[in-house]
Each structure stands twice: as C-alpha cells, then as structure tokens.
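For reference, the chains in residue letters:
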Amino acid sequence: MFTEFFYTLRQVGVPVSPTSFLTLQKALSGGLINSVDDFYISARAILIKSERYFDLFDQVFAHYFKGIELADPAGVDLAEAARALLDSWLSDPQAIANALGVDEESLSKMSPEELIEYFLERLKEQTEAHHGGGKWIGTGGTSPVGHSGYHPGGMRVGGRSRNKSAVKVAMDRRYRDYSQQAPLTRHHMGEALKRLRNMVPFGPKDKVDVDETIYRTMKNGGEIELIFNRSLRDKLKIILAIDNGGWSMDPYIDILQSLFDYSRSQFKDLKVYFFHNTIYDYLWADPQRRSKPHSVDELVKIDPETRFIIVGDASMAPYEIMATDGSIHIEERSGKPSLERLRFLSSTFRHSAWLNPKPADEWPYTRTVNVIRQIFPMFEITLDGLDKMATHLMSKN
Amino acid sequence: MNVEEDKKIFSEASQYVLDKELAKIVNISMSLEMPLLLKGEPGTGKTMLAYAIAESLKMPLIVLNVKSSMKLIDALYQYDTLTRLNDSRFGDSTRNVSNIEEYIKMAKIGQAFVANERTILLIDEIDKADTDFQDDMLDVLDQMEFDILEIDKTIKTKHRPVIIITSNAKKDLSDPFLGRCNFHHIAFPEPDMMREIVQVHFPSISQDLLEASVNTFYRLRNFNEVEKKPATRELINWVRALRADPDFKVKELIKGNIPYLGILFKKSPDYAVAQKSVSRFRL
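Keep in mind that this is a model prediction, so the values were computed, not measured.

S.K.: Can you walk me through the overall build of chain B in this structure?
M.R.: Helix and strand content of chain B: 14 helices and 9 strands. Burial status across chain B gives 30% buried among its 283 residues. Considering only residue pairs separated by 6 or more positions, chain B has 77% of its internal contacts joining residues 24 or more positions apart.

Structure, rendered in structure tokens:
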C-alpha cells in the first residue's frame, strides 16, 4: 500500500528507507491507523528522521492524498520549473523559516502549488526586467520570489528572470545539497578526526586500577591494597590557523565552517587564529584580523607538543612568501620573509600539518603550494586526507 | 505484539500538556515497539514527556542520563570486582565468592531489561555521547539482549521497555541509528499552548498574570541577538518567581518593568542584551 507515496517521497529527495516503509506497513496491518490524520502522523514519525524534511513531507502528503498537483499544466517547461522550484524551496528549511518570518500565517498555509502558482503568475505577468518593488520577480524588492530581495530566503531566480534560468538555479541548489561532492558533513569529519586524541591521566586519583590492586593484594599475601589511578582525559592541545582572507578561499567556506564547528565542539583545548594567504609576524585571534594580534614569536611559549594545523589553499603570488616585505597588507612590514616564519613554526611544533581545501591533483601547478609542501606535510580536506593528517599528527616522531 | 500491553494508551498526564499528535506518535511507537527519538530546543519538555508517559500509564520509569565519557557497558551492567575481592579476603558476606553472578549489578538499560513489568526507559541527551556509544546501543536495543562477558550469560528482555530517546541536536546522529527510531521534533509551543502549559503548572494563576507573563515572554524571545533564548522551562521558573514575590504587581509587568531577568537569560552577554532592550519597553 502507498508504494507510490513512498516513491514520491524519494523522488523529491526525502531520504526514506525501505525498512521504515515496511515498519509503516506493519503499523497499517496492525490496525493502528484508522484515519488519514492517523496515517499522516504515523507516517511522518516512522518515515521521516529529521525535522528538516517535515515540510517536504507535508507537501508530498498533500499532493498524494488531497490530489494537489505538484506541476503546473501550463507547459512542460513550466511544470519542470515548478517542480524544481518546489524542491529547491523545500530542500532549504532555513529558507522556509526565514520566509515564514516575514508572513508566518499566510505562508505556512501556502501549499506548494500556491507558491508555484504565485511564482508562475509573476512570471507570466512580467514582461520586462524589474528590480525593486513588492511584486515582480527581479533583483531587490520584497516579493518572495526573485533574488537579493527583502525576502532573504525567497526563491532565487537567476539574473534573467525567465523560467529556464529558474530551473537552472533551482536545480543547482537542489543538487548541491545531495550530491556526493557535497562538503564533508560534521559526522564524516568526526569519524576522520576521531584519532586526534591524546588520552593522558588527569585529575584526582579516583579510579581503581583493578589489575594493579589484585597484584598488590597478592604480593601482600592476601591483605587488600587498593590502588587508585587518575582517569584518562583527552588533553590534546590544538592550534588551528585558518586562512580566511581574500577571494581565493571563498569556494571553501562551507567546508571550513564544518571543520571549524567540529573542532570547536570536539577539542577541549583549541586555539583558533586567522591569517591571510600566509603567515608573517602576527596571527589574529579575531576573524577580521584587526583587533587581536598574536605575535608569532610568542608561540614558542606554548607547549611544543601542541598540534599545529594550518588551513589554507597555499596559493598566492610567489613574492608573498619569498620576499622580505612580501605581505600584500601594507602594515605588515616585518623584514622577515614568510618562508622563514613558516619554517620557524614547523620547527617549533613538531606535530604540524597544512590542510589544503584544493584537490591534491591541482597542487603541483601552483608554485607556492610546492614551496609550502616542503615545509609542512600537506593534506587534502577529504575523508582520506583528514584521516592521514590525524595519523601523521598522532605519530610518535 | 503483546495484546494486553497494547491496551495501555497514553492520553494525558497531570503536569504535562500533551498535543494530540505527540500522543499518537507515542502510542504508535509503543505498539510498534520502536524507540522514539525526540528532538527540539532545550527546555521544551522532551524529558518531561517520559515522566508524563510513566505517570499516565503507571509504568516505572528508568532514566539513563548519558554522559560524554560513557561507554555502553556502563549503561548495561557493572561487575563489582572490589566487593568480590573484599569478600574473598574477609569471607564474612552472605555472597558466594565463586559465583561471579552475585557481583554483577545491572545498570540502567540492564534494569529495564530484567524488570518484571514493562518499564519506560528514558535515554536522555544521547547526543552527548560519541557515535560509538550510539551505534553499540543500537544493536542492544534492536536485539533486546546483551551479553555479560564475565559470566558468559545473555540477558534478554522480559518485557520490551518503551524507549524514549532525547537529543538536543548538537551533533548529528548516525543514519543507521535514526533508521531504527521513530522521530518527532517538538516545536516551540505557540502562545495559546504556552498559556495552557503555564496553567497546568500553576492551576491557581490569575488570568492577568497569565496573559501578561506569556505575552512578555514571547516578546523577550524575539530578541535576535540573544544566544540562548528562554524556553518553557525558564518561563515556568520565572512565573514561579513572580508569584513568590509579594511585592510584585502585574501592572508593572504590563508597563514594561520586568523583574528577575536572570531567570530567563542565563548567559551574561544575553542578560546584558535583554536588560538593554527591556529598558526600551518602558518608553
């Protein structure tokens, strides 16, 4: 029963597993579901595993059980546009939340077909480019469809405001979320970096060492001697230096964000610094690289066992790294080339690594990447790369 | 499925305002014998739900508070080596030292498994533990049995417990884990619902205070700069404080003088933001 419903869900991108579908069948045959409302609630609880998909589920449900058309009959192109629009609209729950924020009541009541209708109507009425205002699709303005407007989460319709480009933009967004090429999730990252742990005895001696206790007791001829030990805690110190400047790092913001979030939540002793392109006299504790400078020389005071991880694409003009006054920022005039700074860091922290968001097969074509690779071991930000880095950072020598 | 147990249907509890949808989901999960995973903002009553079910169905509740360092075995059973060592040395206990089983103590999940009646097992804040814990626990909950290595014995459930799992969604749970649970997200209550909730906690509350406090509360929740927005739990505590204060007048609240902001905003930057914004209410 409801096999088509199941496939519709899958089609629009809700991850529904066959097992959960079978569970739903079990519930149905067990006589637990006696009305459409029952079915709605149970199907959602059983099939959907994240609140992110609740809305998408609602739309499909409405389509399937109330006969609401997902596609517009006006034409193949438009129907396709509508579907893509719907998918895209729904695959981004934040967008919905934001959109709701503006007109909560009416938008939450707006069914997918109403939204599409609204969108299509605007498309049909519109005959010329339009920017600003409250109704037309274009740039600026407050209509929930269009781009760079007041509705921050509204549907983005690409520059030309014709249905073809709507398909294109909508499709782009939809596939970016689900494709295999998508940035590593935090879950993946956690798996790869799990090895970055340094368990050392810490705290009061409050944990009984059973083996040692038995051994000492035997030694004492049966007189019990309790041996306590400190429990093991993760005391790994990590410094993360992130290249957050310039355009070259822009494509990697997503991936860095998840790396950063993961590190923040997972590592107990983490310092984060920022730099632009490469490191000169200062690292900055604030992302704007303005108010909290931290002298690189002073890093010698830090425990040399600290794991020093630099994240950046290592791509810049060669002089930035070689020349004594290489920095592209006029105020950073140090007299020491960045190359020397990097060497200093790698000799101060024997466990250091450079994470490069660029794919490894592009590395040989950038000169500065090659230079930096001679100083720091460089790893890709992929599952494999992170895993290798963790192994490298935790190796004894 | 056990017919007798199916007759128990969760419908209401004294200190918990239940929406129908959630009740239905709880009942369905119970009859399907699947764990129910609850997500939602902190302080929206995820944990309270388990207490409410226990009260409503008169079933014993066993709470496992997950800690970050927890291993699965800590949740299943504990082998008390020290007592055994002590007994073997002094021999003055009634326990038989050569029988290891007497030194096995059941931990929370174990207790739920061996209980003589159907219990509710609340696994609170599972997201605190690492993924290993979650994946290991999955097997145990799926098979409804676990092995005690020390005595080479398999513990099977006598009565499949009703399992409620809560998560604050700090971390993503693994897909296989999610696959074996039913899921519900507790949304933040609407003002109407919130009035009911407050009323359930304070049956004697005056209408004025109820209106004024709930309205102010939703106004305060609108501050965008605040990191941790006050939730139901904070509102309840706040109303309790207002009622306990003999000098407090509802009129003051309506005017915009809001006492005890510290109950609602617990982080110092949030508190500062709230104080600043509240001072604007008075104008």
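Now, onward.
S.K.: Help me understand the overall build of chain A, please; the structure alone is not making it clear to me.
M.R.: Counting its secondary structure elements, chain A contains 16 helices and 9 strands. Sorting the 397 residues of chain A into buried and exposed places 34% on the buried side. A fraction of 61% describes how many contacts in chain A between residues 6 or more apart in sequence connect residues 24 or more apart.

S.K.: Please clarify how the packing of helix 1 (residues 3–11) of chain A against helix 4 (residues 54–65) of chain A should be interpreted in this entry.
M.R.: Describing two packed helices takes the angle between their axes plus the distance from one axis to the other. Residues and elements named next belong to chain A. Two elements in contact, helix 1 and helix 4, have axes whose closest approach is 10 Å; the angle formed by their N-to-C orientations is 140°. One finds that helix 1 runs oblique with respect to helix 4. The two elements helix 1 and helix 4 meet at a crossing, and its hand is right-handed. Touching Phe5, Thr8 and Leu9 of helix 1 are Phe57, Val60 and Tyr64, all from helix 4. Grouping the constituent residues of the contact of helix 1 with helix 4 by class yields 5 nonpolar, 1 polar and no charged.

S.K.: Quick question: what am I supposed to make of the sheet that holds strand 8 (residues 162–167) of chain B here?
M.R.: Backbone-to-backbone hydrogen bonds pair the strands of a sheet. The strands run either parallel or antiparallel. Residues and elements named next belong to chain B. One open sheet accounts for 5 strands, arranged 2-5-8-1-9; its pairing is parallel. With one partner strand each, in any of the chains shown, strand 2 (61–65) and strand 9 (182–186) form the two edges of the open sheet. The average undirected angle you get between the axes of adjacent strands in this sheet is 20°. With 4 bridges joining them, strand 1 (residues 36–40) and strand 8 adopt parallel strand pairing. In the sheet register, Leu37 faces strand 8, and the bridge partner there is Ile165.

S.K.: Help me understand the pairing of strand 8 (residues 352–356) of chain A, please; the structure alone is not making it clear to me.
M.R.: Side-chain positions along a regular strand alternate between the two faces of the sheet. Residue and element names in this part refer to chain A. Counting buried positions along strand 8 gives 5 out of 5 residues, so the element sits mostly inside the fold. Here strand 8 shows no split at all, with Ser352, Trp354 and Asn356 on one side and Ala353 and Leu355 on the other all buried. Examined bridge by bridge, strand 7 (residues 307–311) and strand 8 share 4 bridges and lie parallel to one another. By the bridge assignment for strand 8, Ile310 is matched with Trp354. Traced from strand 8 through helix 15 (residues 367–375) to strand 9 (residues 378–380), the parallel crossover comes out right-handed.

S.K.: Where do I start with the confidence of the model for chain A in this structure?
M.R.: As a general rule, the predicted coordinates of low-pLDDT regions are not to be interpreted in detail. Residue and element names in this part refer to chain A. Of the residues in chain A, 63% reach a pLDDT of 70 or more, and the chain-wide mean stands at 69. Note on residues 71–79: pLDDT under 50 across the span, and 12 contacts to partners over four residues away in sequence or across chains. Under a pLDDT of 50 for its full length, residues 126–183 has, in the predicted model, 108 contacts with residues more than four places off or in other chains.

S.K.: How do you make sense of helix 9 (residues 191–201) of chain B when you look at a structure like this?
M.R.: Along an α-helix, residues three or four apart share an orientation, since each turn contains 3.6 residues. All names here are of chain B. Residues of helix 9 that are buried: Met194, Ile197 and Val198. Each buried residue of helix 9 lies within a common arc of 95° when the element is viewed along its axis, so the set occupies one face. Against helix 10 (207–221) and helix 11 (232–244) lie the buried residues of helix 9.

S.K.: For this particular structure, what's the right way to read the nonpolar core?
M.R.: Side chains of a nonpolar character, in soluble globular proteins, are inclined to be buried together. Residues Leu36(B), Ile53(B), Ile120(B), Leu121(B), Ile164(B) and Ile165(B) are the most contacted members of the largest nonpolar core, which totals 65 residues. In contact with Ile165(B), not counting residues within four places along its chain, are Pro35(B), Leu36(B), Leu37(B), Leu38(B), Ile123(B), Ile126(B) and Cys181(B). Core analysis: the next-biggest nonpolar cluster, separate from the first, contains 44 residues, Leu299(A), Phe308(A), Ala353(A) and Ile381(A) among them.

S.K.: What should I look at first to understand the environment of Val200(A) in this one?
M.R.: Residues and elements named next belong to chain A. Mapped onto the elements, Val200 comes out in strand 1 (residues 199–208). It is 8.8 Å that separates the C-alpha atoms of Val200 and Arg230, two residues lying 30 residues apart in sequence. Every residue in contact with Val200, bar those within four places of it in the chain, is listed here: Leu232, Arg233 and Lys235.

S.K.: Please explain the interface of chain A and chain B as it appears in this structure.
M.R.: How big an interface is tends to be stated in terms of the accessible area lost upon association of its parts. In this complex, chain A contributes 28 residues to the contact, which on the side of chain B involves 25 residues. Counting residues per element, the ones that place at least two in the side of chain A that touches chain B are helix 2 (18–29), helix 3 (36–47), helix 10 (186–193) and helix 11 (210–219) of chain A. Tallied by class, residues from the side of chain A that touches chain B come to 11 nonpolar, 12 polar and 5 charged.

S.K.: What exactly am I supposed to notice about unusual backbone geometry here?
M.R.: Phi is mostly negative for residues that are not glycine, and the peptide bonds are mostly trans. Residues and elements named next belong to chain B. Here Glu33, not a glycine, exhibits a phi torsion of approximately 55°, which is positive. Within the secondary structure layout, Glu33 lies in the loop between helix 2 (20–32) and strand 1. In the Ramachandran plot, Lys58 falls in the positive-phi region, its phi being about 55° despite a non-glycine side chain. Structurally, Lys58 is set in the loop between helix 3 (46–57) and strand 2.

S.K.: How do you make sense of the confidence of the model for chain B when you look at a structure like this?
M.R.: All names here are of chain B. This prediction gives chain B a mean pLDDT of 82; 93% of its residues lie at or above 70. Mean pLDDT across the elements of chain B ranges from a minimum in helix 1 (residues 3–6), with 40, to a maximum in strand 2, with 91. Listed scores for the predicted complex are pTM 0.60 and ipTM 0.73.

S.K.: Hey, could you run me through the packing of helix 9 of chain B against helix 10 of chain B in this one?
M.R.: Residues and elements named next belong to chain B. Closest axis-to-axis distance for the helix 9/helix 10 pair is 10 Å, and the angle between their directions is 130°. Classified by the angle their axes make, helix 9 and helix 10 are oblique. You can see that helix 9 and helix 10 cross each other, and the crossing is right-handed. Along the contact surface, helix 9 presents Pro191, Met194, Arg195, Val198 and Gln199, while helix 10 presents Leu210, Val214 and Tyr218.

Calculation notes
Throughout, a residue's number is its position along its own chain's written sequence, starting from 1. Starting at A for chains and at 1 for ligands, labels are handed out in the order in which the entities are written. It should be noted that, the model being predicted, local features are given only for residues of pLDDT at least 70 and side-chain atom pairs only at 80 or more, the latter also being counted only at that level, while totals for whole chains, interfaces and linings use all residues. The helix and strand labels rest on DSSP assignments: H or I over at least four residues marks a helix, E over at least two residues marks a strand, and numbering proceeds from the N terminus. As a rule, residues whose C-beta atom has 12 or fewer other C-beta atoms within 10 Å are exposed, those with 20 or more are buried, and those in between are partly exposed; C-beta atoms are placed from the backbone. We call two residues in contact when their backbone-placed C-beta atoms lie within 7 Å. Helix axes are fitted only over the stretch in contact, all axes being lines through C-alpha atoms; the angle between N-to-C directions runs from 0 to 180 degrees. Should an angle lie under 35 degrees it is considered roughly parallel, over 145 roughly antiparallel, and from 65 to 115 roughly perpendicular; all remaining angles are considered oblique. Helix crossings are classified by the rotation of the near helix relative to the far one: an anticlockwise turn of less than a right angle makes the crossing left-handed, while a clockwise turn makes it right-handed. Residue classes follow a fixed rule: Ala, Val, Leu, Ile, Met, Phe, Trp, Tyr, Cys and Pro count as nonpolar, while Asp, Glu, Lys and Arg count as charged, and any other residue, Gly among them, counts as polar. At least two DSSP bridges between two strands are needed for those strands to be called paired. A right-handed crossover is one whose linking path, passing over the helix from the first strand to the second, runs clockwise when the strands point away from the viewer. Each residue carries a pLDDT score, the predictor's confidence in it, ranging from 0 to 100. Here the arc refers to the directions that run from the helix axis out to each C-beta atom. The nonpolar core is taken to be a set of buried Ala, Val, Leu, Ile, Met, Phe, Trp, Tyr and Cys residues joined by way of C-beta atoms within 7 Å.

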